[in-house]
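# Topology and contacts: notes
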Amino acid sequence: MPKTLSPTELARWKGLLPKLKNRMRKSQIYKKVKQSEKYIKKQKKIESNKIAKELGKKVEKQVPLTIEKLKVPDETEVKPEDDEVLADLASDEFSRYFSGKTPKVLITTSLKPRKSLIEFVSDLIAVFPNSFYLKRTEKNISRIIKFAKKNKYTDVIVVHQDKTISGLIVIHLPYGPTAFFKLTNVVQAKRIEGRAFPSSHFPELILNNFNSRLGHLIGRMFASLFPQRPQFSGRRVVTFHNQRDYIFFHHDRYLISKAEQRQRLDIELQEIGPAFTMKLKSIQKGLFDPVNAEYIWIRRKETLPNSRKRFFL
Amino acid sequence: MKVIAGTDNGLVKSTTIETKETKTWGELNPTYEISSMTWWNSFPENDYEVVTAHPKGIVRVWDVEHGIQLAEMSKFEKLVKIQLLHSYKNLLTTCSKNGIIDVRNCSPGNQNFVPNCKKPEKQIFPRVIRFETKVNDINQMQVDLSSLEDVKLALGGKGSDLQIWSMENKKCIWKAKNVPNNRLNLPVPIHITDLAYIPNESSKIVVSTGNSEIRLYDIKAQHRPVHRMKISKFLLNKICVSNCGRFVIFSDVTGVLQRIDLRNYQVVQGYKLNSGTVKDIAIHPTLPKIAVCGYSRFLNIYNFDNPKPISSIYLKQKCTSLLFSPETSLQTEQEKLQKLQITQRKNNEYVATQEEEEMWASIPNVEDKNEIDNINKVDNINNVDNNDNVGNNDNFGNNEISENDNQKDDSFDIPSEVVSNSLDDSSTFNHQNQNQSQNKKRLSVNTQLIKKRKNKKIKKKK
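Residues numbered from 1 in each chain as written. Chains lettered and ligands numbered in written order. Predicted model: local features only at pLDDT ≥ 70, side-chain atom pairs only at ≥ 80, totals over all residues. Heavy atoms only, no water.

Moving on to the interface of chain B and chain A. Counting from both sides, the interface comprises 30 residues of chain B and, opposite them, 23 residues of chain A. A buried area of about 2300 Å², summed over both sides, lies between chain B and chain A, and 51% of it is on carbon and sulfur atoms. Linking chain B to chain A there are 6 salt bridges. Residue Asp82(A) is joined to Lys316(B) by a salt bridge in which the shortest nitrogen-to-oxygen separation is 3.2 Å. Linking chain B with chain A are 11 residue pairs in polar contact (both at pLDDT 80 or more), by the criterion used here. (Contact = heavy atoms within 4.5 Å. Buried area = accessible area lost by both parts, 1.4 Å probe. Salt bridge = Lys/Arg side-chain N within 4 Å of Asp/Glu carboxyl O. Polar contact = N/O pair within 3.5 Å; in protein donor to acceptor, adjacent residues only side chain to side chain.)

The structure is reproduced here in structure tokens:
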């Protein structure tokens, strides 16, 4: 067989491939097909570059189309020129925190937790400064909320487990919204090789890609869990990265070093604590109420459209 | 078509649907939440005068096109609902959450009302009736609009079942009885979220409960509900009845919108693209269109038949109340003038347009018949060769009078909008016409078959 095939022979051998039963011959033909496809693609590029050079134009690099470029445009994007939406955000339920209040967080679990859950919770206590753990003996969450209101807490987090760590509830006190998340791909801290150890400095926050009006609500909710002024000497970072309605969580320590050969600054990261992905299930307007609540947003088959290119956060 | 919406923050918005323009009036303040809205005139001549009620204890009157606050009344209690009594006087009835009912006289022709006032807080509306119903935690109140002499109210809430009160006697006339016990022999909890009267029958009420049921009550029949329907596992939030009295539209706490036929008690149609609780539903008074708003910050408008919305407009706040204006389309000034003339001619006031006046002035009078005959003869003799002049004169004589006659006939016909009040669907009207034509074909086919059979029978006998 020749080294590379012409395009007519290519089409013929490609159609015959699934019918061959001889394994040795089939693998040889498959190699030839792949080589000739590559060769044809390269020749096209060289020709187009030649033509462009003769004319004097620049050759542009082709950019691949991804779902983020093809997605349905969102009407609810917050633009910086909008006075009405910014005034609405400034008079939100989280606005009391942004005037200089420090948070106090309560973390609990579901009933009868296993060993893996308790270790996960001890990692979370290292993430949030000024946080406390409560052993769960009560069945009603509304009684835990009453206890938290008396002792002047500002947030409650509940982590629950069905053989694997699977869910998370964030409640903002005193009147604020509750959010339900679904956790997947949970990696505990002790399983990470070459990790760093946590310290008690106040961390910095990074919130990526929360563009729509719903996204701003959730972004402010995450921001109200941490103290407002970070301590830069601690070099600690917590990131919430949003992409296609999935939120990725990381907890790192960074180092800025100067590379002498390149004469520019490089950033190195070392992981400290847990890493997991979250997905929004629903947001309720008042406190936790499974019977009589009103929903700001809920993901349900009967109401939302079924399309790959539509995102809400 | 125009829609007026009241928000969670104290703003009032008015939108036109075809052009997607919005105007906002008011100051942003989260303590001035709007709970309900009505029109200010009982026979709505204006599209833009609106009364809003706040649970803080304040009632305001707005002019939505120009953005002026006409009046403000305080010293109410925690307000839930406000509604206009369509009687010979303009009376506003308000209902608070504790059960206090307050009726005030606020008509624009009142002696105490000042039209252009700089301090809207100092307007006075005198009080007519006030009485206490000792009912706690009211969720909804409705006024029976078809009763003129003895006005009746319907109340319901969490822990308190359906009750009907009369305004003159200030007493409870009718009280509903609870449904029989569970399978576990436990009493069913009482929780009413929304009420609605069926429009042409003053004795039937539709009710949505916290157990996700829809119930029909008949005052004249019995104290327990006539029919019960179980729907979903989430709370039902809002109910609305169409103008013909046949369809009921309800909404869910999660954003589900569906339509029920009251004759079969079955779900007929579902509507999509709501992703939060629905706070208010409004139906157009003449056309089959629905407007929906809620916590998802979008205004959706649907036809009765289609699950996808016609248009969805992004309002930047959460809206809690809606009003649908009775306009049908973007009316130009000519159409508004024609409407005015129609109403005036019904009241035996004849007003002529400019075109009509010119026509009547240019035509000669009927008293001089000989002159008309002379004119026609002369023109026919002289201008036989010039066809244009003959044609013009003929048109001048014949067709313009016929155009005037046609205009007169159109003016005294009943316009289609008044007819379609009884039929809710304009599409059903067309359906009937098509069915008639199809029925004629079927009749002709059947007669042919009958003739054939008769001939066959006669042949067999022989």
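Turning our eyes to something else, we now look at the confidence of the model for chain B. When pLDDT is low, close inspection of the predicted coordinates is not appropriate. Residues and elements named next belong to chain B. Taken residue by residue, chain B gives an average pLDDT of 77. The fraction at 70 or more is 68%. A low-confidence stretch, residues 383–413 (pLDDT under 50), is modelled with 13 contacts involving residues beyond four sequence positions or located in other chains. Every residue in residues 418–432 is under pLDDT 50, and counting partners more than four places away or in other chains gives 17 contacts. The ipTM value of the predicted complex is 0.79, and its pTM value is 0.75. (pLDDT = per-residue confidence, 0-100.)

Residues and elements named next belong to chain B. Taken in spatial order, the 4 strands of this open sheet run S4-S5-S6-S7, and their pairing is antiparallel. Among the strands making up the open sheet, the edge pair consists of strand S4 (36–39) and strand S7 (68–73). Adjacent strand axes in the sheet meet at a mean angle of 20 degrees, parallel and antiparallel pairs treated alike. As paired strands, strand S6 (residues 58–63) and S7 are joined by 5 bridges and run antiparallel to one another. If you follow Val61 over to S7, its bridge partner there is Ala71. (Pairing = 2+ DSSP bridges. Helix = DSSP H or I, 4+ residues; strand = E, 2+ residues; numbered from the N terminus. Axes fitted to C-alpha atoms, helices over the stretch in contact; angles between N-to-C directions.)

Here we come to the environment of His251(A). All names here are of chain A. Within the element layout of this structure, His251 appears in strand S8 (residues 246–259). Classification of His251 as buried rests on a relative accessible area of 1%. Taking the C-alpha atoms as reference, His251 lies 7.6 Å from Val127; in sequence the two are 124 residues apart. Discounting chain neighbours no more than four positions away, the residues touching His251 are Ala126, Val127, Arg236, Val237, Val238, Glu271, Ile272, Gly273 and Pro274. Looking at His251, its side chain comes within polar contact range of the side chain of Arg236, at 3.2 Å. (Buried < 20%, exposed > 50% of the residue type's maximum accessible area, 1.4 Å probe, protein only.)

With that settled, the discussion passes to a nonpolar patch on the surface. Residues Ile256(A), Leu265(A), Ile267(A) and Leu269(A) make up a contiguous nonpolar surface patch of roughly 460 Å² in combined accessible area. Looking at where Ile256(A) falls in the secondary structure, it is placed in strand S8. (Patch = residues over 30% accessible without salt bridge, like charges linked within 9 Å, V, L, I, M, F, W, Y side chains within 5 Å. Areas by Shrake-Rupley, 256 points an atom, 1.4 Å probe, with all protein chains shown as cover.)

What follows concerns the packing of helix H4 (residues 83–90) of chain A against helix H7 (residues 213–223) of chain A. Residues and elements named next belong to chain A. At a closest axis distance of 12 Å, the pairing of H4 and H7 adopts a crossing angle of 30 degrees. Taken as axis vectors, H4 and H7 run roughly parallel relative to one another. As for the relative orientation of H4 and H7, their crossing is right-handed in sense. Note on element contacts: H7 touches H4 through Arg213, His216 and Arg220, opposite Val85, Asp88 and Leu89. Among the residues forming the contact of H4 with H7, the class breakdown is 2 nonpolar, 1 polar and 3 charged. (Parallel < 35°, antiparallel > 145°, perpendicular 65-115°, else oblique. Left-handed = near helix turned anticlockwise from the far one by under 90°. Nonpolar A, V, L, I, M, F, W, Y, C, P; charged D, E, K, R; others polar.)

All right, on to the sheet that holds strand S12 (residues 138–143) of chain B then. All names here are of chain B. Read from one edge to the other, the open sheet built from 4 strands follows the order S12-S13-S14-S15, with strand pairing classed as antiparallel. What marks the edges here is a single partner per strand, and that holds for S12 and strand S15 (171–175). Strand-to-strand twist in this sheet, taken as the mean axis angle between neighbours without regard to direction, amounts to 30 degrees. Taken together, the 4 bridges between strand S14 (residues 160–166) and S15 define a ladder with antiparallel strand orientation. Note that in S15 the partner of Ser166 across the bridge is Lys171.

Residue and element names in this part refer to chain B. Tracing the sequence through the fold places Asp218 in strand S18 (residues 213–218). One buried charge, Asp218, has no salt-bridge partner; the nearest side chain with opposite charge is Lys204, at 5.0 Å. Leave out the neighbours within four places in its chain, and Asp218 touches Trp174, Ser203, Lys204 and Val226. (Lys, Arg positive; Asp, Glu negative; His and termini not counted.)

This part is about the packing of aromatic side chains. Under the counting rule described, the total for this entry stands at 16 aromatic pairs over all chains. Centre to centre, the rings of Phe180(A) and Phe288(A) are 6.2 Å apart; their planes meet at 40 degrees, and the pair counts as tilted. One end of the pair, Phe180(A), is in strand S5 (residues 178–187); the other, Phe288(A), is in the loop between strand S10 (275–284) and strand S11 (295–298), and 108 residues separate them in sequence. Of the aromatic side chains, those joined through ring pairs into one cluster are Phe120(A), Phe181(A), Phe222(A), Phe240(A), Phe249(A) and Phe276(A). Over the ring of Tyr153(A) we find Lys104(A); its NZ or CZ atom is 4.8 Å from the centre of that ring. Between Arg259(B) and the ring centre of Phe247(B), over which it is positioned, the NZ or CZ distance is 4.7 Å. (Phe/Tyr/Trp six-rings, centres within 6.5 Å; stacked < 30°, edge-to-face > 60°. Lys NZ or Arg CZ within 6 Å of the ring centre and 35° of its normal.)

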